Amino acid sequence: MYSENIPIHCFTKKDLILLFLFIKNMYRSERQFRDEPEINSTERKNDSEDTELRFASCQSLWAQIKLETEKIQEDLNKQLLDNLVSFLRRSHSEFQEKTTEWSCQMKSREIPTAALVLGVNVTDHDMTFKSLSEVLQDDITPYVALLEAKDCPGIKNLMQKLMGQLMNCCIDIDEDSFEDDSHVQVSQNKIRCSMTSLINWYKSVMKKTDSETTRKKRNSSSRHWQSPPVVVIFKDMESFTTKVLQDFIVISSHHIRELPLALIFGIATSPMIIHSLLPHSVSSLLCIELFQSLSCKEHLSTIIDKLLLTAWCPFKLGEKVLKVLINIFLYHDFSVQNFIKGFQLCVVEHFYSQPLSVLCCELVDAKKRVNTLSHNQCENIRRLPSFRRYVESQVSENQIALLTSDSFLKEVTQKLLEDLQLYHENYVSVLRCLHVFTSSLPKYPLGKQIRELHCACLENQVWETEEYESSLQLARMLNKSDLVTMLQQCVEIFVSSSGKEFDKTVEKLKEFLTQFQELEVAEAFEEDVSVSSEKELQKKTDLYHLQKTLLELKESRRSKKLTKFEMLRFEVVDYVDSLVRNYLVPADHKTLYEVVYFNTASVLRGHLNAAPRTALHTALNNPYCYLKNQAFKSDGGSISNKAPDICIAYKLHLECGRLINLVDWLEAFSTVVMAVEGPKADAASSDQVDHIIYARFIQAVSELIFLGFIKPSKQKTDHVARLTWGGC
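Residues numbered from 1 in each chain as written. Predicted model: local features only at pLDDT ≥ 70, side-chain atom pairs only at ≥ 80, totals over all residues. Heavy atoms only, no water.

**Considerations on the nonpolar core**
Then, number 1: Counting residues in each nonpolar core, the largest one holds 105 residues, and the members touching the most others are Phe 315, Leu 317, Phe 343, Phe 387, Phe 437 and Phe 494.
Then, number 2: Residue contacts for Phe 437: discarding those within four places in its chain leaves Leu 478, Leu 483, Met 486, Leu 487, Cys 490, Val 572 and Val 576.
Then, number 3: Counting residues in hydrophobic clusters, the runner-up holds 43 residues, among them Ile 111, Phe 240, Leu 259 and Leu 261. (Core = buried A, V, L, I, M, F, W, Y, C linked by side-chain atoms within 4.5 Å. Buried < 20%, exposed > 50% of the residue type's maximum accessible area, 1.4 Å probe, protein only. Contact = heavy atoms within 4.5 Å.)

**A word on the pattern of salt bridges**
Then, number 1: Applying the stated rule across the entire model yields 18 salt bridges.
Then, number 2: For Asp 82, the salt bridge is made with Lys 78, and the minimal N-O distance between the two is 3.0 Å. A residue pair is termed a helical-turn pair when its members lie 3 or 4 positions apart in one helix, as Asp 82 and Lys 78 do in helix α4 (residues 51-97) at four residues.
Then, number 3: Between Asp 247 and Lys 243 there is a salt bridge, with its nearest N and O atoms 3.3 Å apart. Within this pair, Asp 247 and its partner Lys 243 are both found in helix α9 (residues 242-254), separated by four residues, close to a single helical turn. (Salt bridge = Lys/Arg side-chain N within 4 Å of Asp/Glu carboxyl O. Helix = DSSP H or I, 4+ residues; strand = E, 2+ residues; numbered from the N terminus.)

**Some words on the packing of helix α19 (residues 406-438) against helix α20 (residues 450-459)**
Then, number 1: At a closest axis distance of 10 Å, the pairing of α19 and α20 adopts a crossing angle of 120°. Judged on the interaxial angle alone, α20 and α19 are oblique. Both α19 and α20 take part in a crossing whose hand is right-handed. Across the interface between the two elements, Tyr 427, Leu 431, Arg 432, Leu 434, His 435 and Thr 438 of α19 pack against Ile 450, Leu 453, His 454, Cys 457 and Leu 458 of α20. (Axes fitted to C-alpha atoms, helices over the stretch in contact; angles between N-to-C directions. Parallel < 35°, antiparallel > 145°, perpendicular 65-115°, else oblique. Left-handed = near helix turned anticlockwise from the far one by under 90°.)

**Some details on the packing of aromatic side chains**
The description of two aromatic rings rests on the distance between their centres and on the angle between their planes.
Then, number 1: Scanning the model with the defined rule gives 19 aromatic pairs in all.
Then, number 2: Taking the centre distance of 6.0 Å and the plane angle of 40° together, the rings of Phe 387 and Tyr 390 count as tilted. Taken together, the positions of Phe 387 and Tyr 390, both in helix α17 (residues 385-392) and three residues apart, correspond to about one turn of that helix.
Then, number 3: When the ring of Trp 665 is compared with that of Phe 697, the centres are 5.5 Å apart and the planes differ by 90°; the resulting orientation is edge-to-face. Here the residue Trp 665 occupies a position in helix α30 (residues 662-674), and Phe 697 occupies one in helix α31 (residues 686-707), the gap between them amounting to 32 residues.
Then, number 4: In this structure an aromatic cluster arises from ring pairing among Phe 234, Phe 240, Phe 248 and Phe 265.
Then, number 5: For Lys 480, the ring lying beneath its charged end belongs to Phe 565, and the centroid distance is 5.7 Å.
Then, number 6: Directly above the ring of Tyr 624 sits Lys 628, whose terminal nitrogen or CZ lies 5.1 Å from the centroid. (Phe/Tyr/Trp six-rings, centres within 6.5 Å; stacked < 30°, edge-to-face > 60°. Lys NZ or Arg CZ within 6 Å of the ring centre and 35° of its normal.)

**Observations regarding the sheet that holds strand β8 (residues 659-661)**
Then, number 1: Read from one edge to the other, the open sheet built from three strands follows the order β8-β10-β9, with strand pairing classed as antiparallel. Both edges of this open sheet fall to β8 and β9 (710-712), since each of them pairs with a single strand only. This sheet shows a mean twist of 35° between the axes of neighbouring strands, independent of strand direction.
Then, number 2: Here three bridges tie β8 to strand β10 (residues 719-722), and the two strands are oriented antiparallel to one another. Each residue of the ladder has a partner; that of Leu 659, found in β10, is Ala 721.
Then, number 3: Contacts between α30 and the sheet are confined to β8, β9 and β10, with β8 contributing the most and set at about 60° to the helix. (Pairing = 2+ DSSP bridges.)

**Topic: helix α15 (residues 363-371)**
Then, number 1: All of the buried residues in α15 are Ala 366, Arg 369 and Val 370. Buried residues of α15, seen end-on, are gathered within an arc of 105° and therefore sit on one face of the element. Those residues of α15 that are exposed and angled more than 90 degrees off the buried face are Val 364 and Lys 368. (Arc of directions from axis to C-beta.)

**Observations regarding the sheet that holds strand β3 (residues 230-234)**
Then, number 1: One open sheet holds the five strands; their spatial order is β2-β3-β4-β1-β5, and the pairing between them is parallel. Each edge of the sheet is formed by a strand with only one pairing partner; in this case those strands are β2 (144-147) and β5 (286-292). Between one strand axis and the next, the sheet turns by 20° as a mean value, whatever way the strands run.
Then, number 2: Judged from the seven bridges that link them, strand β1 (residues 111-117) and β5 form a sheet pairing that is parallel. Directly across from Pro 112, in β5, lies its bridge partner Cys 287.
Then, number 3: Lying over the sheet, helix α7 (residues 155-167) contacts β2 and β3, oriented at roughly 145° with respect to β2.
Then, number 4: Most of the contacts of α9 go to strand β4 (residues 261-267), to which it runs at about 155°, and overall it touches β1, β3, β4 and β5.

**Observations regarding the packing of helix α22 (residues 480-496) against helix α25 (residues 564-583)**
A packed helix pair is summarised by two numbers, namely the angle formed by the two axes and the spacing between the axes.
Then, number 1: Between α22 and α25, the shortest axis-to-axis distance is 12 Å and the interhelical angle comes to 35°. α25 is crossed by α22, and the crossing has left-handed handedness. Residue-level inspection shows Lys 480, Leu 483, Leu 487 and Phe 494 of α22 in contact with α25, the latter providing Phe 565, Arg 569, Val 572 and Leu 579.
Then, number 2: When its residues are assigned to classes, the contact of α22 with α25 shows six nonpolar, no polar and two charged. (Nonpolar A, V, L, I, M, F, W, Y, C, P; charged D, E, K, R; others polar.)

**Let's talk about unusual backbone geometry**
Then, number 1: Look at Leu 592: it is not a glycine, yet its phi comes out positive at around 65°.
Then, number 2: When you line up the elements, Leu 592 lands in the loop between α25 and β7 (597-598).
Then, number 3: For Leu 592, a relative accessible area of 1% translates into the label buried.
Then, number 4: In this structure, Lys 628 is a non-glycine residue whose phi angle is positive, near 60°.
Then, number 5: You can see Lys 628 is positioned in the loop between α28 (624-627) and α29 (645-654).
Then, number 6: For Lys 628, a relative accessible area of 11% gives the class buried.

**Quick word on the environment of Tyr 694**
Then, number 1: As for its placement among the helices and strands, Tyr 694 is situated in helix α31.
Then, number 2: Along the chain, Tyr 694 and Ser 670 lie 24 residues apart, while their C-alpha atoms are 8.1 Å from each other.

**Some details on the state of the cysteines**
Then, number 1: Within this structure, the stated rule accounts for zero disulfides.
Then, number 2: Here Cys 360 stays unpaired: no disulfide links it, and the sulfur of Cys 361, its closest cysteine neighbor, is 7.2 Å away.
Then, number 3: When its relative accessible area of 2% is taken as the criterion, Cys 360 is described as buried. (Disulfide = S-S within 2.5 Å.)

**A word on the environment of Gly 447**
Then, number 1: Relative to the elements of secondary structure, Gly 447 occurs in the loop between α19 and α20.
Then, number 2: When sequence neighbours within four positions are dropped, the list of residues in contact with Gly 447 reads Thr 438, Ser 439 and Glu 452.

Shown next as structure tokens:
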């Protein structure tokens, strides 16, 4: 914080912008503390009792979440990385064979190239390339270079970056050195950045390695290959200029027999970009193989499935917060990393704003912490809306005990935390079972992804929605094979779940499967009987018996009696419906859900979906809101003469029309600023004061021009044009 003794006009333009835009979060808690009633000062003091414990819990929980997300992403990329490694193995084996056949020699001029299509989520590419580089350096070759288009505007810069990363040193470009000659000058300060010098360096390294190998037997478990290839990764191929790529590929193809080179193109759009950037004469020098990573939506679905829809993670996201994060992902950047960062922000904000988040941990630790709660923390529990509803549902004796006895409250809190943990375990299993039935229905009334079904269940009682009713109607028309497959999947879900209440459910589902098997046998027997009856009907030529039989068939069609299969199908759907009504109750209906659920979507939206124009208008129009300096406080629409110069100029410009006269604006600015000095100001120093005020005014106007509020006008030289209206 800047000292109040320093004149505000001494701030630089950068200081003002940083001060006005980013100081909001630093003083948000202090502003809430000052604006809240005086009774909350005690609560603030009580909240600080377990601040260290909440901070430690937040760090521990996020460490587990981060480890789990990294493991998930590693598993998702494992297949892709394994395919790339096998591709490099095949290409390198052809280099080591050194055959003399004409076809092989022609093919040997081609550079092995992997076209890696990663998708438009560019912010996630860094992590993928980092994992790829680590795998290559661990299993294949220590010579891996990652190149970006911003660092390689020309072929000289590309060679400089390439050789610098391979040699692990800083290389200066010699303007006259980029020539393909056999003479190489190597010194401590300057290296010729050419393909010849790179080949000579590679040969010298290989000779050194071979000499060490002869002195000492090579370990059979060596992690690198003999004569390992040089892998060059172009992280953003679309951003490279065509000339740079063409020159590098053509030069490399002439030396491919001397330098085992392999290229990896990182592609965000389509593999056709290779043929768009490179002519056929250049692309024919590449032996291209296509590799496709999983889509970012599949990554997100896996993250949500294994991170949010699990019982091991005590922290949960509310429906509104989860929708904000998913909408940002789907409509802004498709970035899984940004989704994880948003999830991290939710964790930090929950532990910061919720005093009872100290209980957001494993059930065993939460029970121990409940026993150590102070009286003030017990009062925080009593203030929770969900706990108030619970108290109102109890008998009068228990109500009095819950509101007066801390020991009784702690016992009940432990029981409620157990119920909440059991609710989460059962909720996840039944949710997956319902998703099995609804994910294959036509038009997907409850969504195709499990995250959509999860949001619908968190929002309200899902069985009261029209989408749920239509899903049940469609489920009652499923065929036998699909229904049996779904029941088998549900049995696997409930058997693998940690919930202890699903033993009877598993038995009931297995009973349904048995009935379907018996039904198949019965239907086969009925088919035989019907065939024999039809044969008998064909044998009967009597008109009376024929008419009687036809009338019986007509009456049976009119009555439309349900078959055994239809009755069993209705019974299965009704049983699944009963599970949904029992276990998929919205989280906000459970007591103490505030302890583990974060549902303040407005706070998250304010952090992730910033509104800089509104924040800037607030800072300039009311600097007290952010700076908390009593001298800047003003009543109504008055202008404080102690406010920063840019704030005074901004508020004065709001009173003007489309064109602002600089002379009038300067006089008004001078009047406001001079009000602090009063009529007793020394007349001898008036000229000096006028120059200082004029300089301050010019600085304020230039800052408003920089921020985009005004611009010079071509109509009148002594006027500026206003660019913003409506107070922002």
